[in-house]
Each structure stands twice: as C-alpha cells, then as structure tokens.
Amino acid sequence: MLSTPVARTERVPPPVRRAAARRRSRWPAWALAGGWVVQVLLRLWLFRYHTGPVANPDETGYLVAARWLAGGPGADFTGSTFYQGGYALLLVPAYWVTSDPVTVYRLVVGIGSAAAATAFPLADLVLRRLALGRPEAVALAFVAGLSPALLLFSGLALADAVLPTLVLGWLLATHDLARTGSLRSGVLAGVPAGFATAVHLRGAVILAVYVVTVAALLVIRRPDGGGRRLTPRAGLVAWGAGGLVAAAGAALNGRLASAVYPEGARDLSHLLVSRLTTLDGQAWALSGAAGQLWYLIAGTWGLAGLGLAAAAFHLLRRGGPPARRVLAGTLLAATLGVAYASSAALPDEHRVGNYAYGRYLACVAVVWTLVGLAVLARAVRAAALRRAMPGPRAVRAVAVYAGAAAALMAVSGAVAAWYAGDRLRRYAFIAFDFPEVSFLSRTWDSLDMARASAAALGLLACLVLAAGLPALSAGGRGRGRGRWLWRVAPLVVVPAAVNVAFAAGLAPRAAPPAGPDWLPAPPPPGRVAVDGRVRWNVRVPLTYRVWWTRLESYDGARQEPPAGACTAVVPPDAGAPPQGWTATGLGGARQGWTSWSGPGCPQGVRPGGSASGARPWAP
C-alpha cells in the first residue's frame, strides 16, 4: 500500500482561479443585457408596421399631451377622459427629434418597447428575492418578459406600456424597505409610488397601499425584540419621497388639464360615489372586480392563480422571511384595490368588457406570473435537492395551490357571468379587450368564458405536471445542481411555447397597403377647422395628425368655418360650401367626412397636398 503511487493533484494558480471566478460573475450581466436587447428587438419587429394610433381616444390623448408638453400645439378635449401627464412626459423626447406624426409614433413604439423590456432584469431580481438561483431566475424572468401583459401594450401609446415595469420596481424597493429599513430603499420605493399617481388613476391605489405598508412597518416589531422594522426617520423619508413626487405629478396634471381640457375633463366622481354608497353600485363594483380577477388568472395561463394562492397562504401562516410576507400583503392589497376601484369608477358603456376585463390588472399580471413560476420552480428544487420537504410533499403543496387557483378562477368567473347575464351576448364585443382570452378560446367575435377557463386550466395542469413528475420519479433523488436545472427546463419551455404562440398571433402577416388611408390629410401649415357634427372617430385621430396647429371646432349647423382657415372638415351631407370655399371632393359617406378648401391657405398649398418643408413649430 505504501508503494502504491499517489496521483498528484495539480494546483490551479490563484490568478487563474480569480479569472475564472470573474468570468462566472460576469455572465449574468451579459445574459441580462443580451436578453434585454432581444426583448426590445422582438417588440420592434412585432409592431414594425404601427405608424399611428389604433386605440383611440386613449392613444391620441397621451400623444397630444406629450406634444403640448414638448412645446407644440395642444387640443381641446373638454368633456373627454383625462389622460394624465406622467406617461406623456416620457414621450416628450420623441418630439424633440421630430414633429412628423409617423416618425413620432415609431419613436414612441421604441420607448414603450424599451420600458417593457426593462421588466426582464427587474423580474430576475424578483425571482432572486423569492430564493431562486441565478440561472433559473434569468431563464424564467426572460419567459415572463414575453407574457402578454408585457407584449400587448408595449407597441402602443398607452400608459400600460410602462405601468408593469413601474410596479415591478416599486414592489422590489418596498421589499427591500421591509428587509433593510434603509433610507435609500425608502426613496426608491416612494418615487415610483408617487410617479404612478401621475401616470394613471390606478396609481392612486398604489400610493394608498404604499402609505399603509409603510405605516405597518412603523408599527410592527421585529420577532427578535430588536425594535420596529422601520425607524421613524426612514418612514418619514419613505412617505416624503412618495408625497413629493405625487405633488409634482399633480402640478403637472393641473397644468395639462388647464391647457388641453379648458372647460374640464369627464367627471366620474358622482358615479364613483353612487357605486360606493348603494347596493346596486356595490354589486356592479364587486362583480366587475371578480371579472378582472378571472381575466387575470386566465390571461396568465393560470399562473396568477397559483401565485395568488401561494401569496395568501404565505401571508396567513406564521414563519418565513418577514419581508416576503410584507411583499405578499402589499401585492394582494394593490391587486384587489385596483380591481375594485377601477370597476367602481367604470361607467356602463354597453360593452362586454365592462364585466370581464384584463387591462386594468395588466400592471400586476407579470408579478403574479413570476410568483407562480417561483412556486413551481421551488417545488422542483425541493424534490431534486431534498431541501425543506420531500418530493411528494412538495408536489402536494403545488397541487393544493393549483386547486385553489382553479377554484378562484371558477368562482370569480361564475360571479361575473351571473351578474352580466345575457349582456355578455347582447353588448358590444371589442376584440381589443380580450386578446388573451380569445387566444385561449379560439373565438374572436364573442366571449366564451368556459372554453377560455378550460384552456387556462389545461395549461396550468401541464405546468404542475412538469413540476411534479420529476419530483416523483425514481431519478428525483439526485442532489446535483445540473440535474435540478434540467428538471426546471420544462417550466421554461412550456410557458415560453405558449407565449411565442401568442406573439405569433400578434405578428402582422403583411405590410399595410401603401398610399393614403381613409382619414383626412389637411395640408400644412394652414389652419384647420372641424365641424362639430363630424364623428369622433374622425375628429380624434385628426387632432394628432394635424401636428402644426391646434384644431378649431365650430358648429356647422349654425356657423360658417372660421375666417382665415385653410381647411374645413365637414360631414359628407353638409351640402354646398359657403362663398369663398371650394369642395375638395375628398372623403365621402363611407368615410364619414368630406372637406372644403378656404381662402386662408398659404400661397403654394394645394388642397389635399402639403407644403414642403413647412415646420411652423420646432421644439
């Protein structure tokens, strides 16, 4: 034995080990940067043919607000919904580059794509906070970044393009505030909470939940007797940061309202009071909130339901990291608050979307998707590495969560369908309101809640099986990390395949035909007047298309077009133009408009044409 030669292990020089460690530490940064670029490019490709607003009046409201903030002409949206200035402020740089509406819109698509893609690195941080390892967190975060809630609105000029990312950042900072109690975390949590109030009315719910969360942290004591979780100074900083940003946003919105809504925006406060103080109003609000929860679960392929069940269980049981319990409570309160408040303030517009709608909770959909994926991934890890609980027990826990998710979707959907009744068939079905549900049910002209629910439950069952089968298999006893990573691969592949299939449905089949569209194209730089009898779906897009001047409105039944105007857009049955005006022959009954050319056109401007190089304002 003593004469047996012993193999000598060659020692790796310290510089080589340090270089290898540096390479290993750099790959996540490269993966996140590369993944972000891929996410941006995917969105730019999906929306490559978007050259103007399609979701009106919302998109036009934000685009005109951004144009006014950049120093360009505003509009008169008196009596319309108020589109707040926080999101519009992010679009102002597009107007610094150009005032051409098509180019501006393409730049807005780029801004929205970059904002939505930023949810990917934030999602990675969320999964790391939920105790996932680095490789699986990057992979699952990338898949979550492709979820419909982050794809649908990133190519449109809507606040929903940035709200999911904003909410992710706020929740991360709030978690850190609960974990560390630092002043820095208080500022980082307060700023997005305050800014959200300037972006959309849902931001008021987010700020209210944040204020309550900070108050709770000021009261709750540490279990080790080390004092309160948050010092009074840190609490004041957290509240102050949110309050200052919210006040600045209110000032911005005040100036915007006075310029673009000179006689006031649409006021729904009386409706909200009625909904909150009457039994009929409560029935509307609660059933609408139930419909939104149903859509949230179905539109995330069941993952949000899994996350909701896990968060509620984690919040109610004792033990576990306190910061995660704070995160669970904050997220649940924000979700339920947004669902209830948005439903209570929603007027009856005689459309199916009044009873089951996904857009208002899209801002939290990606967070719940991440929580659901984390629940499944941690079950696989527990089975593969034999930590915390044996494999069968891990599967049972996931099965319980999945059962609760199925029950929640069934109950919420049943409540919404029962309250709506035959209005789900009689009222207008707008396909834009139901992209995920239509994808699930393969029904594009009506709402089929049963088929969509069955499809979502089927996808959730596939994910639960992907997590459970490795745990129960004979090979589940291995402890190797590589083996565990292979087992989490189905949790990446299944939702990725569904998200890619959904994205493929969004992708345009071919470029739109070249040439002018059906809307008016007045020639710059002349003044443009619009008869008040012209339909809103012509008048509203024209407000954005006419980039060089503010539209002038007049009552065509009693007045002639304003003196000095170059173009008047009138109803097709307006009759002969007044003296000095000439009918252009453009438009028609099908388009809902025609136009007249007046004596106020600058020299060289032809009706229906354009003045080359005209740029009356330049930011």
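To be clear, the structure that these remarks concern was listed above.
Reading guide: rules and limits
Residues numbered from 1 in each chain as written. Predicted model: local features only at pLDDT ≥ 70, side-chain atom pairs only at ≥ 80, totals over all residues. Heavy atoms only, no water. Helix = DSSP H or I, 4+ residues; strand = E, 2+ residues; numbered from the N terminus. Buried < 20%, exposed > 50% of the residue type's maximum accessible area, 1.4 Å probe, protein only. Contact = heavy atoms within 4.5 Å. Areas by Shrake-Rupley, 256 points an atom, 1.4 Å probe, with all protein chains shown as cover. Pairing = 2+ DSSP bridges. Disulfide = S-S within 2.5 Å. Patch = residues over 30% accessible without salt bridge, like charges linked within 9 Å, V, L, I, M, F, W, Y side chains within 5 Å. Salt bridge = Lys/Arg side-chain N within 4 Å of Asp/Glu carboxyl O. Right-handed = clockwise from strand over helix to strand, strands pointing away. Axes fitted to C-alpha atoms, helices over the stretch in contact; angles between N-to-C directions. Left-handed = near helix turned anticlockwise from the far one by under 90°. Nonpolar A, V, L, I, M, F, W, Y, C, P; charged D, E, K, R; others polar. Expected span 1.5 Å × (residues − 1). Core = buried A, V, L, I, M, F, W, Y, C linked by side-chain atoms within 4.5 Å.

1. A word on the overall build of the protein chain
Check the secondary structure of the protein chain and you find 22 helices and five strands. Among the 619 residues that make up the protein chain, the fraction classed as buried is 52%. Within the protein chain, contacts between residues separated by at least 24 positions form 74% of all contacts whose residues are at least 6 apart in sequence. Summed over all atoms, the accessible surface of the protein chain reaches about 27800 Å², with 63% contributed by carbon and sulfur.

2. Concerning the pairing of strand β3 (residues 567-570)
Residues in a regular strand project their side chains so that they alternate between the two faces of the sheet. Covered by surrounding structure in β3 are Thr-567 and Val-569 together with Ala-568 and Val-570, the residues of both alternating faces. By the bridge criterion, three bridges tie strand β1 (residues 528-531) to β3 in an arrangement that is parallel. Among the inter-strand pairings, Val-528 is bridged to a residue of β3, identified as Thr-567. When β3 meets strand β5 (residues 594-597), the two strands line up antiparallel, connected through four bridges. Within the sheet, the bridge partner assigned to Val-569 lies in β5 and is Ser-595.

3. Description of the state of the cysteines
For the structure shown, the criterion picks out one disulfide. Disulfide partner of Cys-566: Cys-601, at an S-S distance of 2.0 Å. Note on the Cys-566 and Cys-601 pair: the S-S dihedral is about 90°, so by sign convention the disulfide is right-handed. You can see Cys-566 sitting in the loop between β2 (552-554) and β3 and its partner Cys-601 sitting in the segment after β5, a full 35 residues away along the chain.

4. Quick notes on the environment of Val-528
With respect to the helices and strands, Val-528 occurs in strand β1. What makes Val-528 buried here is its relative accessible area of 0%. Put simply, Val-528 and Leu-542 are 14 residues apart on the chain and 9.8 Å apart in space, counted from C-alpha to C-alpha. What Val-528 contacts, discounting residues up to four positions off in sequence, is Pro-522, Val-546, Trp-548, Thr-549, Arg-550, Leu-551, Glu-552 and Thr-567.

5. Quick word on the sheet that holds β1
The strands making up a sheet associate through hydrogen bonds between their backbones, and the pairing can be parallel or antiparallel. On the basis of which strands lie adjacent, the open sheet formed by five strands has the order β2-β1-β3-β5-β4 and mixed pairing. What marks the edges here is a single partner per strand, and that holds for β2 and β4 (582-583).

6. Considerations on a nonpolar patch on the surface
On the surface, Trp-36, Val-37 and Leu-41 cluster together to form a nonpolar patch covering roughly 260 Å² of accessible area. Structurally, Leu-41 can be placed in helix α1 (residues 14-46). Judged by its relative accessible area of 52%, Leu-41 is exposed.

7. As for the pattern of salt bridges
Applying the stated criterion to the full structure yields 13 salt bridges. When the shortest N-O distance is used, the salt bridge between Arg-129 and Asp-176 registers 3.1 Å. Taken as a pair, Arg-129 in helix α5 (residues 119-129) and Asp-176 in helix α8 (residues 163-180) lie far apart in primary sequence, 47 residues in all. The exposure class of Asp-176 is buried, given its relative accessible area of 14%.

8. Some details on the pairing of β1
A two-sided burial pattern is seen for β1, the buried positions comprising Val-528 and Val-530 on one face and Ala-529 and Asp-531 on the other. Of the pairings in the sheet, the one linking β1 to β2 comprises three bridges and is parallel in character. The partner of Asp-531 across the bridge, within β2, is Tyr-554. Between β1 and its parallel partner β2, the chain crosses via helix α22 (residues 536-545), and the hand of that crossover is right-handed.

9. With respect to the packing of helix α2 (residues 58-69) against helix α3 (residues 85-97)
Close contact between α2 and α3 brings their axes to 7 Å; oriented N to C, the two are set at 65°. Viewed along their axes, α2 and α3 form a crossing whose handedness is right-handed. Only Gly-85, Tyr-87, Ala-88, Leu-89, Leu-91, Val-92 and Tyr-95 of α3 make contact with α2, whose side of the interface consists of Tyr-62, Leu-63, Ala-65, Ala-66, Arg-67 and Leu-69. Grouping the amino acids of the contact of α2 with α3 by side-chain chemistry returns eleven nonpolar, one polar and one charged.

10. What about helix α9 (residues 183-199)?
Under the 1.5 Å per step criterion, the end-to-end length of α9 is 25 Å for 17 residues, consistent within 8% with the ideal 24 Å. Ser-185, Gly-186, Ala-189, Gly-190, Pro-192, Ala-193, Gly-194, Ala-196, Thr-197, Ala-198 and Val-199 are the residues of α9 that are buried. Here the buried face of α9 lies against α2, α3, α8, α10 (202-219) and α11 (232-260).

11. Section: the environment of Leu-252
Summarising the element assignment, Leu-252 is placed in helix α11. The spacing of Leu-252 and Ala-198 is 54 residues in sequence and 7.9 Å in space, taken between C-alpha atoms.

12. Section: the nonpolar core
Trp-294 and Trp-368 are the most contacted members of the largest nonpolar core, which has 152 residues in total. Residue contributions to this core peak at 16 residues, all from helix α16 (residues 362-385). With sequence-adjacent residues up to four places away left out, Trp-294 is seen in contact with Ala-356, Met-409, Ser-412, Gly-413, Val-437, Leu-447, Met-449, Ala-452 and Ser-453. Listed in part, the twelve residues of the second largest apolar core include Leu-519, Val-534, Leu-542 and Val-569.

13. Quick notes on unusual backbone geometry
Cis geometry is found at the peptide bond from Asn-56 to Pro-57, where omega equals 10°. Looking along the chain, the bond that leaves Pro-524 and enters Pro-525 is cis, with omega of 5°. Note that Pro-525 resides in the loop between α21 (481-506) and β1. Of note in the backbone geometry, Arg-442 takes a positive phi value of approximately 60° without being a glycine. Position of Arg-442 among the secondary structure elements: in the loop between α19 (435-441) and α20 (449-472).

So yeah, pure geometry; function would need other evidence.
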